Amino acid sequence: MRKNRQVLTVRCRQDNYAYLLPLDDGTCLLIDAPEAAPIVSRLAAEGLRLRAILLTHHHGDHVEGVEALRAPGVEVIGAAADAHRLPPLDRAVAPGEEVEVGGLSLRVLDAPGHTIGHVAYHVAARSALFSGDSLMVHGCGRLFEGTPAQMQASIAAMDRLPEDTAIFSGHDYAEANLAFAATMAPDPGALARRHAALALCADEGWPTTGVTLAEDRALNPYLRVHLPQVQAAVDMPGAEPVAVLAEIRRRKDRF
Ligand SMILES: [Zn+2]
């Protein structure tokens, strides 16, 4: 059976996702390292060797597997701004930079809000965005360190990527996020289609990430803060996008 070798999703811990990007030479890149065991077994099952680990942010459930996976020839890459609280980095990168690993190019995006120093990686060659806990499928991460304005800017920048870009976020929160999004004036047709898709994911044990920006623009309230129907849903007609985002995030925290 020939699988889609573009992006492999690895379930970790309770509800985390890590991602493998296979390269032509039998090596691969890993996005985030929540824990080592499931990643090690997936590498073995796929016959892949690790070449680099790219980290989105410093939280333990994204980095705790790094030391067990660290080996000669495995490059650990993360944000220079967060180097003091990430595992030791072999390469420190900055937003705007184009990172080249094994012939694959990843653009580093500034993605503060959930944490300061959070980055995302856009891989244009695979139409993929690895957004960690910033923009998430049907939602966004909690604002632990940053401000609504920072999250709004992070999400707005990601929203400028091509519409066929698939969002690969750090957690399996799609179902909970969609339940909340359903209260924020989503497109009804898109909502029904996505409910059906998530039911299928649950039945078949498939991951829930990899939704495209085009699909999520019809559902994700944080991508829709400029729309009158979303502003009306939070009783803020005509309000600034950042104020709308702040209110939506507050409501989600209580949801
Ligand atoms: Zn986090």
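Residues numbered from 1 in each chain as written. Predicted model: local features only at pLDDT ≥ 70, side-chain atom pairs only at ≥ 80, totals over all residues. Heavy atoms only, no water.

Visitor: Describe the overall build of the chain, and please don't skip the residues or the numbers.
Guide: Scanning the chain from terminus to terminus reveals nine helices and 14 strands. Radius of gyration (C-alpha) of the chain: 18 Å, near the 18 Å computed for a compact globule of 255 residues. Split into buried and exposed, the 255 residues of the chain put 53% on the buried side. For the chain, the proportion of contacts with a sequence separation of at least 24, taken over those separated by at least 6, is 58%. (Helix = DSSP H or I, 4+ residues; strand = E, 2+ residues; numbered from the N terminus. Rg over C-alpha atoms; globule rule 2.2 N^0.38 Å. Buried < 20%, exposed > 50% of the residue type's maximum accessible area, 1.4 Å probe, protein only. Contact = heavy atoms within 4.5 Å.)

Visitor: Give me the state of the cysteines: which residues, what numbers.
Guide: Taken as a whole and assessed by the stated rule, the structure comprises zero disulfides. Free of any disulfide, Cys12 has its nearest neighbouring cysteine sulfur in Cys28, separated by 13 Å. Of the residues examined, Cys12 reaches a relative accessible area of 2% and is grouped as buried. (Disulfide = S-S within 2.5 Å.)

Visitor: Could you give me a rundown of the coordination of the zinc ion, with the residues and numbers involved?
Guide: Looking at the zinc ion, the protein donor atoms are His57 (NE2), His59 (ND1), His114 (NE2) and Asp133 (OD), and they sit 2.2 to 2.4 Å from it. Taken together, the four donor atoms coordinating the zinc ion and their angles of 88 to 173° define a geometry best described as irregular. Ordering the donors of the zinc ion by residue number gives the pattern H-x1-H-x54-H-x18-D. Of this pair, His59 sits in the loop between β4 (49-54) and α2 (60-63) while His114 sits in the loop between β8 (104-110) and β9 (119-123), and the two are 55 residues apart along the sequence. (Donors = N, O, S within 2.8 Å, 3.2 Å for Na, K, Ca; no water. Tetrahedral: all angles 85-135°; square planar, octahedral: opposite > 155°, others 65-115°.)

Visitor: Pulling in residues and values, what's your account of the pairing of strand β5 (residues 75-79)?
Guide: The element β5 is largely enclosed, with a buried count of four among its five residues. Looking at chain direction, β4 and β5 are connected through three bridges and run parallel. Across the sheet, residue Ala52 finds its bridge partner in β5, namely Glu75. (Pairing = 2+ DSSP bridges.)

Visitor: Now, about the layout of surface pockets: what can you tell me, with residues and values included?
Guide: In this model, the second largest pocket occupies a volume close to 210 Å³. Looking at the lining of the second largest pocket, the elements with two or more residues in it are α5 (174-181) and α9 (241-254). Of the residues that constitute the lining of the second largest pocket, the class distribution is five nonpolar, five polar and five charged. (1 Å grid on protein atoms, 1.4 Å probe; cavity = no way out; pocket = protein on both sides within 12 Å on 5 of 7 lines; lining within 4 Å. Points joined across faces, edges and corners; volume = space filled by probe spheres on them. Nonpolar A, V, L, I, M, F, W, Y, C, P; charged D, E, K, R; others polar.)

Visitor: Can you explain the side chain of Ser134? Please cite residues and give values.
Guide: Mapped onto the secondary structure, Ser134 falls in the loop between β10 (128-132) and β11 (135-136). A polar contact of 2.7 Å, which involves the side chain of Ser134, links it to the backbone oxygen of Ser131. The contact partners of Ser134, leaving out residues within four places of it in the chain, are Ala111, His118, Gly139, Cys140, Gly141, Met151 and Met158. (Polar contact = N/O pair within 3.5 Å; in protein donor to acceptor, adjacent residues only side chain to side chain.)

Visitor: I'd like a description of the pattern of salt bridges, backed by residues and values.
Guide: For the coordinates displayed, the defined rule picks out 16 salt bridges. The shortest N-O distance in the salt bridge between Arg250 and Glu247 comes to 2.9 Å. In this pair, Arg250 and Glu247 both sit in helix α9, three residues apart, roughly one turn of the helix. Relative accessible area serves as the criterion here: at 43%, Arg250 is assigned to the partly exposed category. Relative accessible area serves as the criterion here: at 13%, Glu247 is assigned to the buried category. The shortest N-O distance in the salt bridge between Arg249 and Asp253 comes to 2.7 Å. Of the two residues, Arg249 and Asp253 are both situated in helix α9; the distance of four residues between them amounts to about one turn of the helix. With relative accessibility at 5%, the residue Arg249 sits in the buried group. (Salt bridge = Lys/Arg side-chain N within 4 Å of Asp/Glu carboxyl O.)

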